[in-house]
Amino acid sequence: MTKLQIINADIVVTMDAGRREIAGGSVLMEDGVIVSVGASGHAQESDETIDARGCVVTPGLVNTHHHLFQTLTRAVPAGQDALLFDWLRALYPIWARMQPEDMFVSAQLGLAELALSGCTMSSDHLYIFPNGARLEDTIDAAQSVAVRFHPTRGAMSVGESDGGLPPDSLVENERDIVEDFIRVVDAHHEPSDGAMVRVGLAPCSPFSVSTDLMKDAAALARDKRVMLHTHLAENDEDIAYSLENFGCRPGQYAEDLGWVGEHVWHAHCVKLDEQEIDLFARTNTGVAHCPCSNCRLGSGIAPVREMRDAGVRVALGVDGSASNDAGHLLSEARQAMLLQRVRHGANAFAAREALEIATVGGATVLGRGSELGSIEAGKRADIAIWDVSGLEAAGAWDPVAALLLCGQLQVRDLLVEGKRVVSDGELTGVDAREISEHAHKRVARLMS
């Protein structure tokens, strides 16, 4: 058994039920599980010690919505100033040229970027599979970076010729989709506590798959006991499409098809109305809020304050790197806080509430709240250590709030399952320079 201990932290932000913050804190871990949390004066013997003097220690951040394949298509000129549907039309032809190696490199780059921003667990929504690409391309990338991974097998089945948005070249036969749903869950889903990989099912959106596939995915997810994910109510175009094609708003459509419940989480939900918010609260349905992407695409400000007040489970997502175009999860928390203040006033959303939805909020939405998201005995040892002694936070009176209110911080050390993924600001399992070089080469091929 290996014991690792963090000592001398300026503050340990536990995010436990009492939201305790321990000054001069220590955290003892053994074989990937937190054993005790307390003051450093009660530190115990361990095999290895991490001195967190000058640092704030938090639970690892959790990213609940991403399209990692898009990391190689950041800042594409044709989509820089477009709304969602036109943005997609501009990028679909580029994505159709991607190869399995592109998928791996893009996911590895995106996950490395997330890890450096304090993220210990990320979901991913992969809904295109051109040229032989498979979900395994992203799973392999996550294992190389050593972060906890929740990939979802996405799909598009309704192309332009059938009234959908994506080109026909990127859609799949629905029978093949369902067969691959079953294959990837059986091959890779780990239901046990401490699982590093859990697989979900994720038809892309109501405007790119059929009603039958949405129903089939919901039934299969219940049978396999895995989670469901899709995009919902992202912008005004999305609402108009739902009203025209289904005769109802997105929330009603989701409820009719079995897409509500604690095993379901929807991305964006910018345009949920009062009835839909109440539906999500009653059914314990989760939401992945993606503030930077919503700003970038001009989709609007999601009603996060209203959702939280109603009891909806809300988490954060960076969304695809082609619509953000960054993968810095702490910055996403800051943006969420600022947007709610713009809408409701300066006292509407505190820094600690933003940190809460970035940690325990994300773990809960992904169905991992009993084992992740807080620093307390019995939880898995997914922990971020933030150095607040440098220029970015110099002068801050409240170092916890400084994580959100001050300059953009990179994590100093990041632990996943009690193992260092980032040490002294550097990735431990992969070479950042090598990842960047590979990415540049793959982008050059896509641009040519």
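Before any of the text, the structure's been laid out above.
Criteria and cut-off values
- Along each chain, residue indices are assigned from 1 in the same order as the chain's sequence is written.
- Totals for whole chains, interfaces and linings use all residues, but because this is a predicted model, local features are given only for residues with pLDDT of at least 70 and pairs of side-chain atoms are given and counted only at 80 or more.
- The basis for every side-chain value is the complete set of non-hydrogen atoms in the structure, without hydrogens or water.
- Working definition: rings of Phe, Tyr and Trp (its six-membered ring) pair if their centres are within 6.5 Å, and the pair is stacked with planes under 30 degrees apart, edge-to-face with planes over 60 apart, and tilted otherwise.
- Only DSSP runs of H or I reaching four residues or more are called helices, and only runs of E reaching two or more are called strands; each is numbered from the N terminus.
- Whether a residue is buried, partly exposed or exposed follows from its accessible area with a 1.4 Å probe, protein chains only, as a fraction of its type maximum: under 20%, in between, or over 50%, in that order.
- By definition here, charges over rings are those cases where NZ of Lys or CZ of Arg is within 6 Å of the ring centre and within 35 degrees of the ring normal.
- Cavity and pocket criteria rest on a 1 Å grid covering protein atoms alone: a 1.4 Å probe that fits but cannot get out defines a cavity, protein on both sides within 12 Å along at least 5 of 7 lines defines an open pocket, and an atom within 4 Å of a point defines a lining residue.
- Grid points are joined across faces, edges and corners, and a volume is the space filled by probe spheres set on the points.
- Under the scheme applied here, ten amino acids are nonpolar (Ala, Val, Leu, Ile, Met, Phe, Trp, Tyr, Cys and Pro), four are charged (Asp, Glu, Lys and Arg), and all others, including Gly, are polar.
- We call two residues in contact when some of their heavy atoms are within 4.5 Å.

Novice: Tell me about the packing of aromatic side chains, residues and numbers included.
Specialist: According to the stated counting rule, one finds eight aromatic pairs in the structure shown. Between Phe 85 and Phe 207 the ring centres are 4.8 Å apart and the planes differ by 55°, which places this aromatic pair in the tilted class. Note that Phe 85 is positioned in helix α1 (residues 84-95) and Phe 207 in the loop between β9 (200-203) and α5 (211-224), a separation of 122 residues in sequence. A centroid spacing of 5.9 Å and a plane angle of 80° characterise the contact between Tyr 92 and Trp 95, whose relative ring orientation is edge-to-face. Here Trp 95 and Tyr 92 lie together in helix α1, a separation of three residues that amounts to about one turn. Neither Tyr 92 nor Trp 95 differs from the other in exposure class; each is buried. These aromatic residues form a ring-pair network of at least three members: Phe 69, Trp 87, Tyr 92, Trp 95 and Tyr 127. Residue placement shows Arg 153 over the ring face of Phe 129; its charged tip is 4.0 Å from the ring centre.

Novice: Please give an account of empty space enclosed by the protein that cites residues and values.
Specialist: Under the defined criterion, the tally for this structure stands at two cavities of 30 Å³ or more. Put simply, the largest cavity is a space of about 100 Å³. For the largest cavity, the full set of lining residues is His 67, Gln 70, Leu 84, Trp 87, Leu 88, Tyr 127, Cys 204, Phe 207, His 231, Glu 234, His 268 and Asp 319. Among the residues forming the lining of the largest cavity, the class breakdown is six nonpolar, four polar and two charged. Looking at the second largest cavity, its volume works out to about 30 Å³. Along its surface, the second largest cavity is lined by Gly 60, Val 62, Thr 120, Met 121, Leu 372, Gly 373 and Asp 382. The residue inventory of the lining of the second largest cavity, partitioned by class, reads three nonpolar, three polar and one charged.

Novice: So what about the side chain of Asp 102? Which residues, and what values?
Specialist: Residue position: Asp 102 is located in helix α2 (residues 100-116). Once residues lying within four places of it in the same chain are set aside, the contact partners of Asp 102 are Leu 72, Arg 97, Arg 442, Arg 445 and Leu 446.

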